[in-house]
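Descriptive analysis of the structure
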Protein chains: 2
Amino acid sequence: MSILIRNGTVIYGENFDVVKADVLIEGNRIVEVKRRINEGADVVIDAAGRVVSPGFVNLHTHSPMGLFRGLADDLPLMDWLQKHIWPREAKLTPEYIKVGAYLGALEMIRSGTTTFLDMYFHMDKVAEVVLESGLRGYLSYGMIDLGDPDKTERELREALREMKAIEGLNSERISFVFGPHAPYTCSIALLKEVRRLAAEHSKLITIHVSETMAEIGQITERYGKSPVVLLDEIGFLGSDVIIAHGVWLDSRDVQILARNGVTVAHNPASNMKLASGVMPLQKLLNAGVNVGLGTDGSASNNNLDMLEEMKLAALLHKVHNLDPTVADARTVFRMATLNGAKALRLNAGVIKEGYLADIAVINFNKPHLRPVNNVISHIVYSANGNDVETTIVNGKILMLDGEVLTLNEEKILSEAEKTIERLS
Amino acid sequence: MSILIRNGTVIYGENFDVVKADVLIEGNRIVEVKRRINEGADVVIDAAGRVVSPGFVNLHTHSPMGLFRGLADDLPLMDWLQKHIWPREAKLTPEYIKVGAYLGALEMIRSGTTTFLDMYFHMDKVAEVVLESGLRGYLSYGMIDLGDPDKTERELREALREMKAIEGLNSERISFVFGPHAPYTCSIALLKEVRRLAAEHSKLITIHVSETMAEIGQITERYGKSPVVLLDEIGFLGSDVIIAHGVWLDSRDVQILARNGVTVAHNPASNMKLASGVMPLQKLLNAGVNVGLGTDGSASNNNLDMLEEMKLAALLHKVHNLDPTVADARTVFRMATLNGAKALRLNAGVIKEGYLADIAVINFNKPHLRPVNNVISHIVYSANGNDVETTIVNGKILMLDGEVLTLNEEKILSEAEKTIERLS
C-alpha cells in the first residue's frame, strides 16, 4: 500500500523546516519527500492549503478516563481522587474500560495524535482497541501495592498477565510498558522487581514522580529523601524510564534525571487544573533532559488535545518565568513530536525519508490560521485538535478529511453515555 | 423574522441552568424558552446533540491584528512592539485595516463570539465590517499623544471624527467607545478631555491599565503613584470605564476599582504569552469588581477563541494560587458572557425571555465533549471555537451549521494573505 500526499506544506526533518513538498509513503515508512513527486500511489491525498505535520506523541495519559470527563472539576487532587475518581474506578469492568479506551482512541485520532503512552487497568482491553483503531499504543498497567506484600505479588502477576496478552496480539504498533503508579503508592520491593523485569523483558517503564508538594512531603517523611533521589538510590532510573509530571524537582533531582537519561513527560493542563504546580522546564532542558508532552487523563484536563497542550506549555512557562522567550514554539513542538518518539525509542515524530509514516494533516483554510505567516507558530499558538483533518499511522489512514475510517464513531459516543449512566 | 431552536440543551438564565428546551426568537429578542414550543417560525434549527449557549463577549481585542498573527512570537513586549508590530502598523492604510477586520470578524463568528470591544485605528472601516458581518461591535479609536499637545488635539479630533462616522451608520449593533491607549502613552490633558467627552456623549471608555511591571515603574517614576491611583485622582474612573489587563494591581488599586464600579477585562493568553504577569483575579472578584474576558489581539494570543480563553483563565489562576477551587468553570463562563455584557450595558450574555438573541450553538457530537457529564465544564475545559456550529446575533443567523452567511470567507482569507505580503 502506498500513499502520496500532494501539494501540502510539509514540516520536514529533525529541524522542522517548513517546505512545499509532496510526501510519498510506502508500507509503513516515508520513502520520499520532495517537490512534485511524479510516481503513482494507491491513495493520493490533496493537501493544498494543508500542513503536513508529524503526528503527535502523547507521552502520558490514562486514555479510558474520558468517561469521567467533567464529572469532578475545580477540586483539590485528593478530594478529586478519593471522592470522585476512585469510587467510580472501583466499579469499572474490563468492558467499561474498553468503552473508555474507544472514546479516547477516537479523540486522539481526531486531534492528530498518532502514538500514546497509557497507564490504566485491564490494558489487554485497551490493546484490543489500539489494534482496531490503528493507533500506536504503549500500554502500562498501573500497579499500586501500598506496601502490602500480597498486593505486590498480585500486581506483578497482573502486569505480567497483561504483558503476555498484549504480546499475544503480535502487533508492531502495540508495546507493553511497566507502570508502577508512583513512589508513594508502590513499595520499594515492587519498584525493584519492576526494574528487574523491565530489563529482563526489554520493556520501558513509566511512573508518576514528584507531581505534588504533598507527595514530596510524604516521601521525604517516609524515606528522608526526594522521590527522585529514592529512585536513583534503588537503581530504578535509566534511559528506559519515563517519569510523568516532575513538577517539584530540585536542582539535585534535575541532575540525577539528566545523568540517568530519564525522560520527563510534561502535563501542563493537568498540573494547572489540579493546581499541582509548575515543572522546572528550563532547568530540565538546560540540563539536557529529554522532555516530552502529555495530556494526562481527560478527567484532569479535560481532553486529549495535544495542540491545545502545546499552547498551554508555552504560555505557562512564559508567565511563570516572566520571560516571553522561554518555551518558544519550536521547543514545544519538538516536545510534542520528536522528544516523545525518542523516549519511546520510536523512529517517528519527524517527516523524513526512512521515518515511520505517522502524520497529521492540518487544514489551514481557517481564519484563525491565516495569513500563514508562521506554520509552527500557528500550530502551537492558534490551532486546536479540530483543525486536524487526516491522520495516518504506520502508513495507514485512520481519518481522512474528517472521517474516522477505523472506528464506529456514533456507536462509541452512544456506548460512552450508557456506560457513565451505569457507573453513577 | 422568527427563529426556533429546537431539541437543544440550553444554558438558561443568569445562573446558567442546564435544561432541555426550545428557544424562540422574534425580531432581535429571545421571547420564549421552554420544552416543546409548538409555534411555527421562519427558520427552524434542529439542535439535537447541541448546546445552546449565550454568545461570547470578547471584552478586549484589536480585531484587525489577525494580519500579524505569528509574525513575532516568543519576544519581550517592547521588542515585539517596537521591532515588529509598530513598524508594520505604520504601513497600515484604512483598506488594510478593513482586511484585518474582516479576518477578525470571520474568526469571531466561527468561534461563537457575538459581541466585541475593539481598540484600533480607522475604526470607521472596522465599523463597516461589523455592519456587514452582523456582529455587535463596541469600537474605540486608540489614542496616543505621548504628551505632545499638538498630538493631543489631533487624537481627539480623530476620535470625534470616527465617532461621527460610526454614529452615521445608525446601527443598534455598533457603538463608539473612547479609547485612550494607556496612562503611559497618554497625557493627563488627553485623559481628562476624554473623561469629559465620554460623559457629554454618553459613551463608554476603555483603556489599558497596569499591564506590565515596566508600566508600573514608568508611571510611579513620572507621577509618584500607581496608574489606578493616578486615574482615580484625576476623576477618570467610573462604572462606564473598562480597563484592559489590570495585571499589576495592589490591594489599594483593587479597592479603588471596586469603589468606582470599574470593569476589568482579563486577557490571560496575552498576559501569559507576553509574560506580563498574572492578574489578581481572586482579589478582584472578592472585592466585587466586575471582571470580563478578552483575547487581546491575535498577535499576542494568537487567536480570538473565547472558548480557549476560558480554559486558560481557569487553569492559570488555579496553578498560580496553587488552589484548584479558584476560577471554577461557572465563574469563568460568567466572565465570558454575562460580565462582559454587563460592562457594555448590554442586555445580553444570557439566554432568557427578554434578552437580546445573541447565541452560539455548540455541537456536542464530538468525542472530546462526551459523555455529556457536565455541559459548562465541557465548554470551559474541553471545547474550542471550532465546536461552534451556529452563531446568532441580534436575532440574525451569521453562521449556520458551519457556514458563514454574512461574509465571503474565501475572499477574506485570500485578501489577508495578499495584504500581509504588501506589508512585509
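A quick note: this is a predicted structure, and the numbers were derived from the prediction, not measured.

Let us now look at the overall build of chain A. From N to C terminus, chain A includes 14 helices and 17 strands. The C-alpha atoms of chain A give 21 Å as radius of gyration, which agrees with the globular expectation for 424 residues (22 Å, within 12%). Viewed in the frame of its principal axes, chain A has a C-alpha envelope of about 65 × 45 × 40 Å. Here chain A, with 424 residues, has 63% of them falling under the buried criterion. The long-range fraction of contacts in chain A, counting pairs at least 24 apart against all pairs at least 6 apart in sequence, stands at 73%.

Time to look at the domain arrangement of chain A. Residues and elements named next belong to chain A. Per the domain assignment, the segments making up chain A are domain 1 (2–55 + 348–404) and domain 2 (56–343). Centre-to-centre separation of domain 1 and domain 2, based on C-alpha positions: 28 Å. Contacts between the two partners involve 26 residues from domain 1 and, on the opposite side, 29 residues from domain 2. Sort the elements by how many residues they give to the side of domain 1 that touches domain 2 and helix α13 (residues 375–382) lands first, with five residues. Per-class residue counts for the side of domain 1 that touches domain 2 are 16 nonpolar, seven polar and three charged.

Okay, the relation of the copies chain B and chain A next. After a rotation of 180° and a shift along the axis of 0.0 Å, chain B superposes on chain A with an RMSD of 0.0 Å. Here the symmetry operator amounts to a two-fold rotation axis. Among all residues of chain B, the one whose C-alpha sits closest to the rotation axis is Asn 386 of chain B, at a distance of 3.2 Å. Mapped onto chain A, 100% of the interface residues of chain B are again interface residues, and the two copies thus contact each other with one and the same surface.

Our next topic: the packing of helix α3 (residues 123–133) of chain B against helix α4 (residues 149–169) of chain B. Residue and element names in this part refer to chain B. Between α3 and α4, the shortest axis-to-axis distance is 9 Å and the interhelical angle comes to 20°. As judged from the angle between their axes, α3 and α4 are roughly parallel. Here the hand of the crossing between α3 and α4 comes out right-handed. Between α3 and α4, the contacting residues are Met 123, Asp 124, Ala 127 and Leu 131 on the first element and Glu 162, Ala 165, Ile 166 and Leu 169 on the second. Residue composition of the contact of α3 with α4, by class: six nonpolar, no polar and two charged.

What follows deals with the pairing of strand β2 (residues 17–26) of chain B. All names here are of chain B. Summarising the sheet, strand β1 (residues 2–12) and β2 pair through nine bridges and their orientation is antiparallel. Counterpart to Ile 11 in the pairing with β2 is Val 18. Connecting β1 to the next strand, β2, in antiparallel fashion are four residues, including Gly 13 with a positive phi near 75°. Here β2 folds back onto strand β3 (residues 29–34), and the loop between the two strands holds two residues, one of which, Gly 27, carries a positive phi near 60°.

Taken together, the contact between chain B and chain A spans 54 residues of the former and 54 residues of the latter. Here the element with the most residues in the side of chain B that touches chain A is helix α11 (residues 306–321) of chain B; it accounts for seven residues. Considering only residue class, the side of chain B that touches chain A consists of 24 nonpolar, 16 polar and 14 charged.

The next point concerns the nonpolar core. Counting 297 residues, the largest nonpolar core has Ile 351 of chain A together with Ile 351 of chain B as its most contacted members. Non-local contacts of Ile 351 of chain A, meaning those with residues more than four positions away in its chain, are made with Val 10, Ile 11, Tyr 12, Val 23, Ile 30, Val 33, Val 52, Pro 54 and Ile 359 of chain A.

Here we come to the environment of Leu 135 of chain A. Residue and element names in this part refer to chain A. For Leu 135, the location among the structural elements is in the loop between α3 (123–133) and β8 (136–143). By the C-beta count within 10 Å, which is 28 here, Leu 135 ends up buried. Taking the C-alpha atoms as reference points, Leu 135 and Lys 396, separated by 261 residues in sequence, lie 9.5 Å from one another. Residues contacting Leu 135, with those up to four places away along its chain left out, are Ala 105, Met 108, Ile 109, Thr 114, Phe 116, Val 130 and Val 393.

Now for the environment of Leu 346 of chain A. Turning to its location among the elements, Leu 346 of chain A is positioned in the loop between α12 (329–343) and β14 (359–363). Expressed as a C-alpha distance, the spacing of Leu 346 of chain A and Thr 325 of chain A, which sit 21 residues apart in the sequence, is 30 Å.

Attention now goes to α4 of chain B. All names here are of chain B. End to end, α4 covers 31 Å across 21 residues, agreeing with the expected 30 Å (1.5 Å per residue, within 8%). Taken together, the buried positions of α4 are occupied by Thr 152, Glu 155, Leu 156, Ala 159, Glu 162, Met 163 and Ile 166. All buried residues of α4 lie within an arc of 130° about the axis, which places them on one face of the element. Exposed residues on α4 whose side chains face more than 90 degrees from its buried face are Asp 150, Arg 157, Lys 164 and Gly 168. The inward-facing, buried residues of α4 contact α3, β8 (136–143), β9 (174–180) and α5 (188–201).

It is worth spelling out helix α1 (residues 77–90) of chain B at this point. A bend of about 30° at His 84 of chain B is the largest found in α1 of chain B, and the proline Pro 87 of chain B appears one to four places after it. The complete set of buried residues in α1 of chain B reads Trp 80, Ile 85 and Glu 89 of chain B.

For the rest of this paragraph, the subject is the pairing of strand β6 (residues 56–61) of chain B. Residues and elements named next belong to chain B. Burial runs high along β6: six of the six residues are buried. When β6 meets strand β7 (residues 113–120), the two strands line up parallel, connected through four bridges. Counterpart to Asn 58 in the pairing with β7 is Phe 116.

Our focus in this paragraph is unusual backbone geometry. Residue and element names in this part refer to chain A. Omega for the peptide link from Arg 370 to Pro 371 comes to -10°, which places this bond in the cis form. If you check the backbone angles, Leu 146 has positive phi at about 50° while not being a glycine. Tracing the backbone through its elements, the reader meets Leu 146 in the loop between β8 and α4 (149–169). The class of Leu 146 is partly exposed, set by 13 C-beta atoms lying within 10 Å. Despite not being glycine, Arg 345 has its phi angle at roughly 55°, a positive value. Within the secondary structure, Arg 345 is located in the loop between α12 and β14.

A few words now on the packing of helix α12 (residues 329–336) of chain B against helix α14 (residues 375–382) of chain B. Residues and elements named next belong to chain B. Where α12 meets α14, the axes come as close as 9 Å, and the angle between the chain directions of the two elements is 70°. By the angle between their axes, α12 is roughly perpendicular relative to α14. Each of Ala 329, Arg 330, Val 332 and Phe 333 in α12 lies in contact with α14, whose residues at this interface are Ile 376, Ser 377, Ile 379, Val 380 and Tyr 381.

Cut-offs used in this document
Residues numbered from 1 in each chain as written. Chains lettered and ligands numbered in written order. Predicted model: local features only at pLDDT ≥ 70, side-chain atom pairs only at ≥ 80, totals over all residues. Helix = DSSP H or I, 4+ residues; strand = E, 2+ residues; numbered from the N terminus. Rg over C-alpha atoms; globule rule 2.2 N^0.38 Å. Buried ≥ 20, exposed ≤ 12 C-beta atoms within 10 Å, placed from the backbone. Contact = placed C-beta atoms within 7 Å. Domains from an automatic or database assignment. Nonpolar A, V, L, I, M, F, W, Y, C, P; charged D, E, K, R; others polar. Least-squares fit on C-alpha atoms with pLDDT ≥ 70 in both. Axes fitted to C-alpha atoms, helices over the stretch in contact; angles between N-to-C directions. Parallel < 35°, antiparallel > 145°, perpendicular 65-115°, else oblique. Left-handed = near helix turned anticlockwise from the far one by under 90°. Pairing = 2+ DSSP bridges. Core = buried A, V, L, I, M, F, W, Y, C linked by C-beta atoms within 7 Å. Expected span 1.5 Å × (residues − 1). Arc of directions from axis to C-beta. Bend = angle between axes of the 7 residues up to and from the residue.

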